[in-house]
Amino acid sequence: MKYNAYLYPITNRLKTGIYNPYLDNFMQSTQSYVNYLNQHYPSDTGIFNLLKYIHKTDVLFLNWIENLPEKKGGLIQTLFFLLVLRMKKVLGVKVVWTLHNKVSHSKGKLFLKKWLFASLIKRSDLIITHAREGIRFAEQWHQGASSRVFYFPHPVVPEQEPEFTIDQEYDVIIWGTLAPYKGIDAFLEFLQQNNTLAGYRILIAGKATSPDFYQKIKRLAGDTVKIKNQFIDKQELARLIQSSNAVLFTYAGGSVLSSGALIDSLAYRARVIGPNVGAFADLGEEEIIDTYKDFSEIPDILDNLKNDKASNPEKMDAFLRNHTWQKFARSFKKALSNV
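Residues numbered from 1 in each chain as written. Predicted model: local features only at pLDDT ≥ 70, side-chain atom pairs only at ≥ 80, totals over all residues. Heavy atoms only, no water.

Draft legend 1. Just the overall build of the chain, in detail. Helices and strands together make up the secondary structure of the chain, namely 13 helices and twelve strands. By its C-alpha atoms, the chain is 60 × 40 × 40 Å across when sized along the principal axes. When the 339 residues of the chain are sorted by exposure, 53% land in the buried category. Measuring between centres, the 42 positive side-chain charges of the chain sit 11 Å from its 33 negative side-chain charges. (Helix = DSSP H or I, 4+ residues; strand = E, 2+ residues; numbered from the N terminus. Buried < 20%, exposed > 50% of the residue type's maximum accessible area, 1.4 Å probe, protein only. Lys, Arg positive; Asp, Glu negative; His and termini not counted. Charge placed at Lys NZ, Arg CZ, Asp CG, Glu CD.)

Right under this line is the structure:
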């Protein structure tokens, strides 16, 4: 059986210059059993675009829908979507929601967002999560919801190991979109307060979400931290990881469940340090990455990495082999067929 599906979001409004490959990988890996009705037809009308396809939609795939209240016409869009959720049986539509985060990274319209979260966890026919914490989180919101959760670690696109060797230019790099929820400013403030900022060769690389946040990072970094406020392509990322002792994630623990940047770093076989939350905690338990509970633990971890005490290439290679998008698609097909 091949399902007709509508996937959200595919939109013309994504003009920020920040590209997230998750949806492309999701569609490509599942295309043998899912026909995406709107794949080549980006929307200018948000979730209202669903009206064009609802009469022939079997499955509604949702990503980051919890941010809907902050979109243009967010209140009306949210009310419309909540109505669709309530009428899904009448419409003959199955709802599959990917739980990327425990809460929206932005705090605006928080009441509506919590209403959406509660409705999604209660009414989704299947919830995808890439962190074990997502299973517990869904159950906390609605008793019995964990039975409708499909867990699979964030799929990876394995990259070839670089054939070149570069001298270690940095102790640590922080890469990816530079956004307030990632805690980069808090980490720099911690180093300043402890007079250790100058003790590390740090690179921050990625496009800032706003000029104001870039200026804040730049001010905190001073002259000791290098910043590249630009999109980092694959070739450049591979070079930067080779030239660094470790990749550091400074996420605030309140919202994050999974991270595409974490998985991309592992694809290049980076040594990763991250907070003990969500998918980071899962990989920490498997001894694939190092995790910390607070910033004060990071210096010791960096010292251990310099002495090769935290590298486990065999476990990392096994993880990369067993969690490709193709293997995700095979497992997900079974879960979808049981809905």
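Draft legend 2. Quick look at helix α6 (residues 184-193). Those residues of α6 that sit buried are Ile 184, Asp 185, Phe 187, Leu 188, Phe 190 and Leu 191. Of the surrounding elements, those touching the buried residues of α6 are β7 (172-175), β8 (202-205), α7 (211-221), β9 (225-228), β10 (247-248) and α11 (298-306). Positioned one or two residues after α6, Asn 195 has a phi angle of 55 degrees, which is positive. (Contact = heavy atoms within 4.5 Å.)

Draft legend 3. Seen up close, the pattern of salt bridges. For the structure shown, the criterion picks out eleven salt bridges. A salt bridge links Lys 88 to Asp 125; the nearest nitrogen and oxygen atoms lie 3.1 Å apart. Here Lys 88, found in helix α3 (residues 88-91), pairs with Asp 125, found in the loop between α4 (110-123) and β5 (126-129); they are 37 residues apart in sequence, far enough to count as distant. Overall, the relative accessible area of 18% leaves Asp 125 in the buried class. One salt bridge connects Glu 287 with Lys 315, and the closest N-O pair in it is separated by 2.7 Å. One end of the pair, Glu 287, is in the loop between α10 (278-285) and β12 (290-292); the other, Lys 315, is in helix α12 (residues 313-322), with 28 residues separating them in the sequence. Residue class for Glu 287 comes out partly exposed when judged on its relative accessible area of 45%. Of the residues examined, Lys 315 reaches a relative accessible area of 36% and is grouped as partly exposed. Each member of the salt-bridge network shares a partner with another, and the members are Arg 132, Asp 282 and Glu 286. (Salt bridge = Lys/Arg side-chain N within 4 Å of Asp/Glu carboxyl O.)

Draft legend 4. How the structure looks around empty space enclosed by the protein. Tallied over the entire structure, the rule returns three cavities of 30 Å³ or more. Computed from the structure, the largest cavity encloses a volume of approximately 70 Å³. Considering the residues around the largest cavity, the lining is formed by His 130, Tyr 151, Pro 153, His 154, Ile 263, Ala 279, Asp 282, Leu 283, Glu 286 and Phe 319. Among the elements that line the lining of the largest cavity, the one with the most residues is α10, at three residues. Along the lines of polarity and charge, the residues of the lining of the largest cavity split into six nonpolar, two polar and two charged. Put simply, the second largest cavity is a space of about 50 Å³. What lines the second largest cavity is simply Ile 174, Trp 175, Lys 182, Ile 184, Leu 248, Phe 249, Thr 250 and Tyr 251. Across the lining of the second largest cavity, the residue classes break down as six nonpolar, one polar and one charged. (1 Å grid on protein atoms, 1.4 Å probe; cavity = no way out; pocket = protein on both sides within 12 Å on 5 of 7 lines; lining within 4 Å. Points joined across faces, edges and corners; volume = space filled by probe spheres on them. Nonpolar A, V, L, I, M, F, W, Y, C, P; charged D, E, K, R; others polar.)

Draft legend 5. Seen up close, the nonpolar core. Core analysis: the biggest nonpolar cluster contains 62 residues, and Phe 81, Leu 262 and Leu 266 have the highest contact counts within it. Once you skip the residues sitting within four places of it in the chain, Leu 262 turns out to touch Phe 249, Val 272, Ala 279, Phe 280, Leu 283 and Ile 289. By size, the runner-up hydrophobic cluster in this structure holds 29 residues, among which are Tyr 200, Ile 202, Ile 217 and Ile 227. (Core = buried A, V, L, I, M, F, W, Y, C linked by side-chain atoms within 4.5 Å.)

Draft legend 6. Fine view of the environment of Phe 137. Structurally, Phe 137 can be placed in helix α5 (residues 132-141). By relative accessible area, which is 9% here, Phe 137 ends up buried. Counting along the chain gives 16 residues from Phe 137 to Ile 121, while the straight-line C-alpha distance between them is 9.6 Å.

Draft legend 7. Seen up close, a nonpolar patch on the surface. On the surface, Leu 75, Ile 76, Leu 79, Phe 111 and Trp 115 cluster together into a nonpolar patch covering about 550 Å² of accessible area. The greatest single-element share of the nonpolar patch, amounting to three residues, is contributed by helix α2 (residues 74-86). By secondary structure assignment, the location of Phe 111 is in helix α4. (Patch = residues over 30% accessible without salt bridge, like charges linked within 9 Å, V, L, I, M, F, W, Y side chains within 5 Å. Areas by Shrake-Rupley, 256 points an atom, 1.4 Å probe, with all protein chains shown as cover.)

Draft legend 8. Molecular detail of the pairing of β5. Residues Leu 126 and Ile 128 point to one face of β5 and Ile 127 and Thr 129 to the other, with burial holding for every one of them. Where β5 meets strand β6 (residues 149-151), three bridges bridge the pair, whose relative direction is parallel. Pairing of Ile 128 across the sheet is with Phe 150, part of β6. Handedness of the β5-α5-β6 crossover: right-handed. (Pairing = 2+ DSSP bridges. Right-handed = clockwise from strand over helix to strand, strands pointing away.)

Draft legend 9. How the structure looks around the sheet that holds strand β1 (residues 3-8). Sheet architecture is open: six strands sit in the order β2-β1-β3-β4-β5-β6, paired in parallel fashion. Of all the strands in the sheet, the pair left with one neighbour each is β2 (34-36) and β6. Taking the axes of each pair of neighbouring strands and ignoring which way they run, one obtains an average angle of 30 degrees across the sheet. Helix α1 (residues 22-30) rests against β1, β2, β3 (59-63), β4 (94-99) and β5 of the sheet, and its axis sits at about 135 degrees to β2. (Axes fitted to C-alpha atoms, helices over the stretch in contact; angles between N-to-C directions.)

Draft legend 10. Focus on the side chain of Ser 119. With respect to the helices and strands, the residue Ser 119 is situated in helix α4. In this structure, Ser 119 is in contact with Leu 82, Leu 85 and Ser 124, ignoring residues within four places of it in sequence.

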